[in-house]
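# Structure at a glance
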Amino acid sequence: NMKRRFTREQRLTMIYGILCVVLIIVMLQLWLLMATMNAYLGGDQPVIWPAALASLICFGLNAGLLWYVFRMERQR
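This is a predicted model, so every value here is computed, not measured.

### Re the overall build of the chain
The secondary structure content of the chain amounts to 2 helices and 0 strands. Principal-axis analysis of the C-alpha atoms gives the chain an extent of 60 × 20 × 15 Å. Contacts spanning at least 24 positions in sequence make up 75% of the contacts within the chain whose residues lie at least 6 apart. For the chain, the accessible area works out to roughly 6500 Å², and carbon and sulfur atoms hold 70% of it.

Pasting the structure below:
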């Protein structure tokens, strides 16, 4: 079975797409941090754990995308 490898241009396009998704997730995580801090300082403490869980999910998504990029580069 032959494995199809991506060309340099295809890999670059995929990396640009992944970078855009990572930037969106990071902006979402920053907004989540600001909203959580605002709620916490306003006395709304029950919002802390759901926000921490959402932030952990965002981190997992970014780590998965980074793992995919490293795996794609290793297959070159």
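Now that the structure has been shown, the text picks up again.
### Comments concerning the environment of Arg11
For Arg11, the position within the fold is in helix 1 (residues 8–41). Taking the C-alpha atoms as reference points, Arg11 and Val69, 58 residues apart in sequence, are found 9.1 Å from one another.

### Details of the side chain of Thr36
Mapped onto the elements, Thr36 comes out in helix 1. Within the structure, Thr36 has its side chain in polar contact with the backbone oxygen of Leu32 (distance 2.7 Å). Setting aside residues up to four positions removed in sequence, Thr36 forms contacts with Ile48 and Ala51.

### Examining helix 1
A rise of 1.5 Å per residue sets the reference length of helix 1, with its 34 residues, at 50 Å; its end C-alpha atoms lie 49 Å apart and thus fit the reference within 8%. Inspection of helix 1 places Arg11, Ile18, Ile25, Leu32, Thr36 and Ala39 among the buried residues, and these make up the whole buried set. Where helix 1 is buried, its residues touch helix 2 (48–74).

Rules behind the numbers
Residues numbered from 1 in each chain as written. Predicted model: local features only at pLDDT ≥ 70, side-chain atom pairs only at ≥ 80, totals over all residues. Heavy atoms only, no water. Helix = DSSP H or I, 4+ residues; strand = E, 2+ residues; numbered from the N terminus. Contact = heavy atoms within 4.5 Å. Areas by Shrake-Rupley, 256 points an atom, 1.4 Å probe, with all protein chains shown as cover. Polar contact = N/O pair within 3.5 Å; in protein donor to acceptor, adjacent residues only side chain to side chain. Expected span 1.5 Å × (residues − 1). Buried < 20%, exposed > 50% of the residue type's maximum accessible area, 1.4 Å probe, protein only.

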